[in-house]
Amino acid sequence: MSVGHYENFPVGSLLLPRRMRRAVHAIYRFARYADDVADEGDAAPAERLAELDRIEADLDRIAAGEPTRIALMAPLAAAVAEHALPLQPMRDLLSAFRQDVVKTRYQSFGELVDYCRRSANPVGRLMLALYGETDPRSLAQADGICTALQLINFWQDVALDWRKGRVYLPQEDLARFGVDEAQIAAGRFDAKWRALMLFQVERARKMLQAGAPLGKTLRGRLGLELRLIVMGGERILSKLHAADGDVFTRRPVLGGRDWIYMMWRACRAK
């Protein structure tokens, strides 16, 4: 579930049971607001970090059963109380957003996966908590799916992130394939870039496939929703592969035909 602006977050989905939609909306608004604090506008880093601290102070108030001070946190407090949601995933999200303020490069793939652990995986864990599916296997599979989706979002958005001053491709991989940041700045596609990106596509595909069985394990609407999300990731990876990783010419996105195909496959899966 991509955190960048939660493109794969099932906000308001008719597939979700009505009793859970308010909680999903509350989680989304919290995560979206905190993400925008870290990323959007012209605030100085110190101001961004101070506002993220203010949000976390409201999480402390929720934990203590005290009234929140930020308006959008009140529905989140209600969702936490109604569904016994864990607060740690929300704290992990804030940790990742703080990192966004101060860190723009990742030396190793391990560093990037640790960021995904805090920026993407919490969303999946909160959704599982809403459904009471918190066994270790389900959590591990959800983590794999969420990390893969975050990586896919990074690979889609190499050019967009460059304009924000960020490079999520690991520095060690750039060096390994003989690519430098000047090539990203120039939007230059060549054999080296192709090899780098197809390597990253395969990495994300393996993670997504490792978690994908969860979509068949979970019953009902959540299982269908998850199968659609996984298939969306698969389709983007297929588009990236078909383009040989050239994200400079066109950013791969899902179109109407993709959604029809995905819904057909998701409904047929058992």
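Residues numbered from 1 in each chain as written. Predicted model: local features only at pLDDT ≥ 70, side-chain atom pairs only at ≥ 80, totals over all residues. Heavy atoms only, no water.

**A few points about the pattern of salt bridges**
The test is simple: What counts as a salt bridge is simple: a side-chain nitrogen of Lys or Arg found within 4 Å of a carboxyl oxygen of Asp or Glu. In DSSP terms, a helix is any run of H or I states spanning at least four residues, a strand is any run of E spanning at least two, and both are numbered starting from the N terminus. Partly exposed residues are those whose accessible area sits between 20% and 50% of the maximum for their type, while under 20% is buried and over 50% is exposed, using a 1.4 Å probe and protein chains only.
Evaluation of the coordinates by the stated rule reveals 17 salt bridges. A salt bridge links Asp143 to Arg125, with the nearest nitrogen and oxygen atoms 2.8 Å apart. In this pair, Asp143 is assigned in helix α7 (residues 136–156) and Arg125 in helix α6 (residues 121–131), connecting sequence segments 18 residues apart. Since its relative accessible area comes to 16%, Asp143 is described here as buried. For the salt bridge of Arg251 with Asp157, the shortest nitrogen-to-oxygen distance reads 2.4 Å. Separated by 94 residues along the polypeptide, Arg251 in the loop between α13 (220–242) and α14 (256–268) and Asp157 in the loop between α7 and α8 (158–163) bring together distant segments of the chain.

**Examining the environment of Ala77**
To be explicit about the condition: Contacts are assigned to residue pairs with any non-hydrogen atoms lying within 4.5 Å of each other.
Summarising the element assignment, Ala77 is placed in helix α3 (residues 73–83). Take Ala77: its relative accessible area is 22%, and that puts it in the partly exposed class. Leaving out residues up to four positions away in the same chain, Ala77 has contacts with Ile62 and Thr68.

**Some points on the packing of aromatic side chains**
Quick reminder of the rule: A pair of Phe, Tyr and Trp rings is counted when the ring centres sit within 6.5 Å of each other, with Trp represented by its six-membered ring. The angle between the planes then sorts it: under 30 degrees is stacked, over 60 is edge-to-face, the rest tilted. We call a charge positioned over a ring when the NZ of a Lys or the CZ of an Arg lies within 6 Å of the ring centre and within 35 degrees of the ring normal.
Within this structure, the stated rule accounts for seven aromatic pairs. Plain terms: the ring middles of Tyr106 and Tyr115 are 5.7 Å apart, the flat faces sit at 50° to each other, and that makes the pair tilted. What makes Tyr106 buried here is its relative accessible area of 1%. With a centroid separation of 4.8 Å and 40° between ring planes, the pair formed by Trp193 and Phe248 is classed as tilted. In this pair, Trp193 is assigned in helix α11 (residues 191–211) and Phe248 in the loop between α13 and α14, connecting sequence segments 55 residues apart. You can call Trp193 buried: its relative accessible area is 0%. One Lys or Arg, Arg176, reaches over the ring of Phe199 and ends 4.6 Å from the middle of that ring. Over the aromatic face of Phe109 sits the side chain of Arg203, whose NZ or CZ is 3.7 Å from the ring centroid.

**Notes on empty space enclosed by the protein**
Formally: A 1.4 Å probe that fits but cannot get out identifies a cavity on a 1 Å grid over protein atoms alone, an open set with protein on both sides within 12 Å along at least five of seven lines counts as a pocket, and a residue lines either if it has an atom within 4 Å of a point. Grid points are joined across faces, edges and corners, and a volume is the space filled by probe spheres set on the points.
Per the counting criterion, the structure on display carries two cavities of 30 Å³ or more. Of the pockets and cavities examined, the second largest cavity occupies roughly 50 Å³. Residue lining of the second largest cavity: Phe154, Asp157, Val158, Asp161, Arg166, Val167, Tyr168, Leu169 and Ile184, and that is the complete set.

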